[in-house]
Amino acid sequence: MQALNNDSVERLCTAFASLNSEQDVRDFLEDLCTIKEILDMASRLDAALLLESGKSYTEVSDTLSTSSATISRVNKALHYGTGGYKAVIEHLKGTDTPQTTREKHR
């Protein structure tokens, strides 16, 4: 995407890539984003994980209380995007699913 090809975005990507631990990423996200922005991004990733596992839009919406517009956007990126979701999902295989993650935090 042309709008993302600039020095500022390059610097942001380099900043994320330079972080050495989950705690470093968490700290950077908390400084960089609002709580809502972080939660929205986390919810999109959860939606991608659920869609990739074969869940329907309704099941994803019921599980995450996410709008169908957001789920549709995630699904479009998952299937026709740059492969970012697929790379992360492959990396996360074997970790908790969104349902079990939510259960742990209750």
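Numbers given to residues run from 1 along each chain, matching the order in which its sequence is written. Under the rules for a predicted model, residues below a pLDDT of 70 receive no local features and side-chain atom pairs below 80 are neither given nor counted, while totals for whole chains, interfaces and linings still include all residues. Neither water nor hydrogens contribute to the side-chain values; these are computed over all heavy atoms in the structure.

Chemist: Please clarify how helix H1 (residues 7-18) should be interpreted in this entry.
Modeler: Owing to its 3.6 residues per turn, the α-helix aligns residues three or four sequence positions apart on the same side. For H1, with 12 residues, the first-to-last C-alpha span of 16 Å sits near the 16 Å given by 1.5 Å per residue. Here a polar contact is recorded for every N or O atom pair within 3.5 Å, except that within protein the pair must consist of a potential hydrogen donor and a potential acceptor, and residues adjacent in sequence are included only if both atoms are side-chain atoms. For the purposes of this entry, the term helix denotes a DSSP run of H or I that reaches at least four residues, the term strand denotes a run of E that reaches at least two, and both are numbered from the N terminus. The distance from a side-chain oxygen at the start of H1 to the backbone nitrogen of Ser8 is 2.9 Å, and the residue carrying that oxygen is Asn6. To estimate how far a helix should extend, the number of its residues minus one is multiplied by 1.5 Å.

Chemist: How should helix H5 (residues 68-80) be read in this particular structure?
Modeler: With 13 residues, H5 extends 18 Å between its outermost C-alpha atoms, agreeing within 8% with the 18 Å of an ideal straight helix rising 1.5 Å per residue. Along H5, the residues that are buried comprise Ile71, Val74, Asn75, Ala77 and Leu78. Summarising the axial view, the buried residues of H5 lie within an arc of 165 degrees, below the 170-degree limit, and thus occupy one face. What points out from H5, more than 90 degrees from its buried face, is the exposed set Ser68, Ala69, Arg73, Lys76 and Tyr80. Two residues qualify as a contact provided that any one of their heavy atoms is within 4.5 Å of a heavy atom in the partner residue. Its buried side turned inward, H5 meets helix H3 (35-52), helix H4 (57-64) and helix H6 (84-92). Think of it in three bands: with a 1.4 Å probe and only protein chains considered, a residue is buried below 20% of the maximum accessible area for its type, exposed above 50%, and partly exposed in between. The arc in question is the one spanned by the directions pointing from the helix axis to the C-beta atoms.

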